[in-house]
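Notes for the structure review
Spelled out from the first residue to the last, the chains are:
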Amino acid sequence: MDLFDYMNKQNKEKLEPLAERMRPETLDEFVGQEHLVRKGKMLYRAIITDNLTSVILYGPPGTGKTTLAKIIANTTKSEFMQINAVTSNLSEIKAAIETADKNQKMYNKKTILFIDEIHRFNKLQQDALLPFVEKGIVVLIGATTENPYFEVNKALLSRSLIFELKQIEPVDVYKVLKKALNSEKGYKNYTIEVTDDVLWFFANNSGGDVRRALNALEMAVMTSSKVGEKIVITLEDASECMQKPPINYDKNGDNHYDVISAFIKSMRGSDPDAAVYYLARMIESGEDPMFIARRIVICASEDVGNADPMALNVAVSAAKAVEFIGLPEARIILSQAAIYVACAPKSNASYFAIDDAIEDVRKNPNIEVPGYLRDTHYSGARKLQRGLGYKYPHNFENNFVYQEYLPEKIRGRKYYNPTNNGYEVKISERLKRLWKG
């Protein structure tokens, strides 16, 4: 390396953020994602042996998607090209494909095309990639923070392996911070006084995002007070540098659906604490309170049903109250309703009853209603023998009389099967008593 190159490298390192300087260059340096890149795992073997097929790397920010792509770039003998879906257009994609085609035809060389934030590409841009991925002209590496099953062309997905990256565990974030303090690329040449408590504070409050933890450490180094040449980072300094983590909750993304799913399943599973926790996540993320209220109403009917008929009243009343109260007070109303539904006895008998009945209607859509049950409120009904033979229950003891109500073709079909939970115990007993004959 000549003097000019050396000075360029020094200047670049000074300008580059700490997170970029500390980016691992080999799999041995890579921290976290053991389920994917531990020795012997498929992705590890594919990278090491340079036999990678098209892949989609999916996971939250700061979990190593771009880092893995750059490690692949350092490892592979193939041509490596990178474009960013935020700033790229169709012409840039076509130029990359033309270069890849030339590499294959002229040099018999494979091209790996890394597309960061691939979910930002529209359908036309994704479609443009498809034939070249299919023919093997490019090996695609797509990185996305969004669920690829929602955001990526199904045809591209079918030709790619999907690898989900998880949030980095605090212990691994801590290791990266320690390494940054002791690395030439980091702060080895600085005199820094920082306790383990401070490093663990960064690690525990990074939200599993290594980049965020390193950015906070860098800010602390740059702004903390000095004692002579020594930089002293206190817990107070760390707290100021580590801002509140953004909640990973995109109203159009899978995290939105994951949280609402967990909320509903917690109410269904009779866990009020979990229900309130997921409710808090939605409220803090700016979810529409009426969207939450509607989910509670649905759960009150679908999962509680007649085991506690009051649950639906509470949920509907809550929805109406939320509509005219609004946040922040609406959070209390939503909490009350969610807790009531979670604590109520459960029955999905009404849910199964209507679905089974609908299935029968679809199979036999035009079964005749029995003549004695037909409408008689028009002139000529009697001439058509409508309503003849109908027994009016209120004319009988206990306002009940045994008669068939189902059409003859499905007579004896049972849709509603009350459970042995809550109020449905009484419903079940009454129905057995009435229909014993």
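Residues numbered from 1 in each chain as written. Predicted model: local features only at pLDDT ≥ 70, side-chain atom pairs only at ≥ 80, totals over all residues. Heavy atoms only, no water.

1. What to know about the nonpolar core
Note the cut-off: The definition of a nonpolar core used throughout is a set of buried Ala, Val, Leu, Ile, Met, Phe, Trp, Tyr and Cys residues joined through side-chain atoms within 4.5 Å. Only protein chains enter the accessibility calculation, which uses a 1.4 Å probe. A residue is then buried if its area is under 20% of the maximum for its type, exposed if over 50%, and partly exposed in between. Secondary structure follows DSSP: runs of H or I at least 4 residues long count as helices, runs of E at least 2 residues long count as strands, and numbering of each begins at the N terminus. Note on definitions: a residue-residue contact is assigned when non-hydrogen atoms from the two residues lie within 4.5 Å.
Formed by 30 residues in total, the largest nonpolar core has its most connected members in Phe263, Met267, Ile292, Ile296, Leu334 and Val341. When contributions to this core are tallied by element, the ones reaching two or more residues are α14 (254-268), α15 (272-284), α16 (289-304), α17 (310-325) and α18 (330-343). The dominant element in this core, judged by the number of residues it contributes, is α16, at eight residues. Residue contacts for Ile296: discarding those within four places in its chain leaves Phe263, Met267, Ala315, Leu334, Ala337, Ala338 and Val341. Ile168, Leu177, Ala216 and Cys241 belong to the second-largest nonpolar core, a separate cluster that totals 29 residues.

2. Overview of the pattern of salt bridges
Oppositely charged side chains may form a pair once their charged atoms are brought near each other. For clarity, the cut-off: Note on definitions: salt bridges are taken to be side-chain nitrogens of Lys or Arg within 4 Å of carboxyl oxygens of Asp or Glu.
For the structure on display, the rule yields 18 salt bridges. The salt bridge partner of Glu193 is Lys230, with a shortest N-O separation of 3.0 Å. Separated by 37 residues along the polypeptide, Glu193 in strand β6 (residues 191-194) and Lys230 in strand β8 (residues 230-233) bring together distant segments of the chain. According to the relative accessible area criterion, Glu193 is partly exposed, its value standing at 40%. Residue Arg268 pairs with Asp303 through a salt bridge whose shortest N-O separation is 2.8 Å. Of this pair, Arg268 sits in helix α14 while Asp303 sits in helix α16; the two residues are 35 residues apart in sequence, bridging distant segments of the chain. A relative accessible area of 7% means that Asp303 is categorised as buried. What you see here is one network of salt bridges that share partners, running through Glu20, Arg23 and Lys70.

3. Examining helix α20 (residues 424-434)
This is how it is decided: Here the arc refers to the directions that run from the helix axis out to each C-beta atom.
For α20, the full list of buried residues reads Glu424, Ile427, Ser428 and Leu434. Along α20, the residues classed as buried sweep out an arc of 135° about the axis, all on the same side. Exposed and oriented more than 90 degrees from the buried face of α20 are Lys426, Lys432 and Arg433. Contact partners of the buried residues in α20: α19 (349-363).

4. Remarks on unusual backbone geometry
Omega for the bond connecting Leu327 with Pro328 falls within 30 degrees of zero, at 10°, which places this linkage in the cis form. Counting through the fold element by element, Pro328 comes out in the loop between α17 and α18. In this structure, Asp50 takes a positive phi of about 60° despite not being glycine. Phi is positive for Asn399, which is not a glycine, with a value near 55°. Structurally, Asn399 can be placed in the loop between α19 and α20.

5. Notes on the packing of α16 against α18
Short version of the rule: What counts as an axis is a line fitted to C-alpha atoms, over the stretch in contact for a helix, and the angles between N-to-C directions run from 0 to 180 degrees. Should an angle fall under 35 degrees it is taken as roughly parallel, and over 145 as roughly antiparallel, whereas 65 to 115 is taken as roughly perpendicular and any remaining angle as oblique. A crossing counts as left-handed when the near helix is turned anticlockwise from the far one by less than a right angle, and as right-handed when that turn is clockwise.
Look at α16 against α18: their axes get within 10 Å of each other, and the N-to-C directions meet at 20°. In this view, α16 runs roughly parallel relative to α18, as classed from their interaxial angle. For the element pair α16 and α18, the recorded crossing hand is left-handed. Packed against α16, whose contacting residues are Pro289, Ile292, Ala293, Ile296, Cys299, Ala300 and Val304, the element α18 presents Leu334, Ala337, Ala338 and Val341 at the interface.

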